[in-house]
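A look at the structure
One letter stands for each residue in the lines below.
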Amino acid sequence: MIVFLVTVAAVLAVTGVIVIAVKSRLKRFSREVFGTDSIAEGLKRIDEDVAETPKSVSSMTRLMEPQIVRDFPDFVWEEFKHKAENMLTSAFLAVSENNADCLQDASEEVRLQVGNCIAENEAAGIRETFTNVKIHQTEIADYKKGGGTCVITIQSAVEYFHCKMQGEHVLEGSRERKQQTKYNMELLYIQDFDRTEGTAVGTVCPCCGAPVKSLGNMVCEYCGSAVTPVNIKVWALNRYYEVDYRHV
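Anyway, here's the lowdown on the structure attached to this text. (Residues numbered from 1 in each chain as written. Predicted model: local features only at pLDDT ≥ 70, side-chain atom pairs only at ≥ 80, totals over all residues. Heavy atoms only, no water.)

**Quick word on the packing of aromatic side chains**
- Enumeration according to the criterion identifies 12 aromatic pairs in this entry.
- Both rings, one in Phe-92 and one in Tyr-160, keep their centres 5.4 Å apart while their planes meet at 90°; by these two values the pair is edge-to-face. Of this pair, Phe-92 sits in helix α4 (residues 77–97) while Tyr-160 sits in strand β2 (residues 149–166), placing them 68 residues apart in sequence.
- Taking the relative accessible area as the measure of exposure, Tyr-160 reaches 0% and is therefore buried.
- Taken together, the ring pairs connect Phe-72, Phe-75, Phe-80, Tyr-189 and Trp-235 into an aromatic cluster. (Phe/Tyr/Trp six-rings, centres within 6.5 Å; stacked < 30°, edge-to-face > 60°. Helix = DSSP H or I, 4+ residues; strand = E, 2+ residues; numbered from the N terminus. Buried < 20%, exposed > 50% of the residue type's maximum accessible area, 1.4 Å probe, protein only.)

**Examining the side chain of Ser-90**
- Looking at the secondary structure, you find Ser-90 in helix α4.
- The contacts of Ser-90, once residues within four sequence positions are left out, are Cys-102, Leu-103 and Gln-104. (Contact = heavy atoms within 4.5 Å.)

**Here we look at the pattern of salt bridges**
- Inspection of the entire model under this criterion finds 5 salt bridges.
- A salt bridge links Lys-145 to Asp-71; the nearest nitrogen and oxygen atoms lie 3.0 Å apart. Taken as a pair, Lys-145 in strand β1 (residues 127–146) and Asp-71 in helix α3 (residues 61–71) lie far apart in primary sequence, 74 residues in all.
- Between Arg-239 and Glu-186 there is a salt bridge whose closest N-O contact spans 3.1 Å. Here Arg-239, found in strand β7 (residues 231–242), pairs with Glu-186, found in strand β4 (residues 179–191); they are 53 residues apart in sequence, far enough to count as distant. (Salt bridge = Lys/Arg side-chain N within 4 Å of Asp/Glu carboxyl O.)

**Some words on the pairing of strand β3 (residues 169–173)**
- Inspection of the sheet shows β2 paired to β3 by 4 bridges, in the antiparallel sense. Paired with Cys-163 across the strands is Gly-173, a residue of β3.
- Counted along the chain from β2 to the antiparallel partner β3, the turn is 2 residues long, and its residue Gly-167 has a positive phi close to 70°. (Pairing = 2+ DSSP bridges.)

**Re the side chain of Thr-138**
- Structurally, the position occupied by Thr-138 is in strand β1.
- Within the local environment of Thr-138, its side chain forms a polar contact with the side chain of Glu-85, the two groups lying 2.6 Å apart.
- At a separation of 2.7 Å, a polar atom in the side chain of Thr-138 contacts the side chain of Ser-156.
- Each residue touching Thr-138, except ones within four places of it in the same chain, is listed here: Trp-77, Lys-81, Glu-85, Ile-154, Gln-155 and Ser-156. (Polar contact = N/O pair within 3.5 Å; in protein donor to acceptor, adjacent residues only side chain to side chain.)

**Digging into the environment of Val-170**
- Residue position: Val-170 is located in strand β3.
- Each C-alpha atom, one on Val-170 and one on Ile-126, is 9.6 Å from the other, the two residues being 44 residues apart in sequence.
- Those residues in contact with Val-170 that lie beyond four places of it in its chain are Cys-163, Lys-164 and Met-165.

**Quick notes on α3**
- Within the span of α3, buried status applies to Thr-61, Met-64, Ile-68 and Asp-71. Axial view of α3: buried residues confined to an arc of 100°, hence all on one face. Along α3, exposed side chains directed more than 90 degrees from the buried face belong to Arg-62 and Arg-70.
- Those residues of α3 hidden inside the fold are in contact with α4, β1 and β2. (Arc of directions from axis to C-beta.)

Written as C-alpha cells, this is what we have:
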C-alpha cells in the first residue's frame, strides 16, 4: 500500500510539473503571438480587429475607367459611383423597413430583387435589419462587353450591423457585433444594334452600312457620316450581391 501511495504521489508530481510546463509554454506562445498571456484574450482581440478593419476591394478603376471613357465619352465615374453607393445603402434601408419605396437610383431589376427579399423574409417570419451602414471605398472591379451589352462591375467595402431574427431567436448576424464585408453592383448598358465578331460591341453606319466597332466613335471611319447609337435603355444598376464565401 505504501509503495502504491508513493507511486501515485510521484505520478501526480510529474503530472503537475508537465501541466506547469505546458501552461508556461502556452503563455509564452500567447505573449509572442497576441501580446497577452491569455490565448482567449488574444483571439478576442483578433476578432475585434477584424470587425473594425474594412475589407479590401478589387480596385481596377485606374485601368478600366479610360477604357470605358473611350467607349462612352460622356461617362463620368464619380457620378455613377455616387449613384451606386446611394442605391446600396437605400437597399439596406428598404429591407430593414420592409419598404421597397425607400430605394434610390435603383432599376426595376433591383426593385424586384429587393421586393423578393422582403417578401421571402415576411413569408418566413424573419426580421432582417442593417444598421449603422458605412461605405469605406467604392471602385470599378471589372468592365466587359459582349452580346449587345456592356457591364461595369462596381465593388464597395461596407461596414454595418446585420441581423436576421425570427421572434427572439437570432438566425444570422448580431445586433452588437459589427461586420465588415463587400458588395458588387452591376451597371448595365444595353444598345439596340447589331453585334460584330467576337466580344466587340458595335453599331452600323446608317449611310454606308459599315460596322462601327468602337462605341466611342460618333463618326463612321469609312464615309464620315455621323453615327448615333439608339439606346434601349441607358446605364442602369442591374443587381447587387454580397461578395463572400457563399457567393461567386
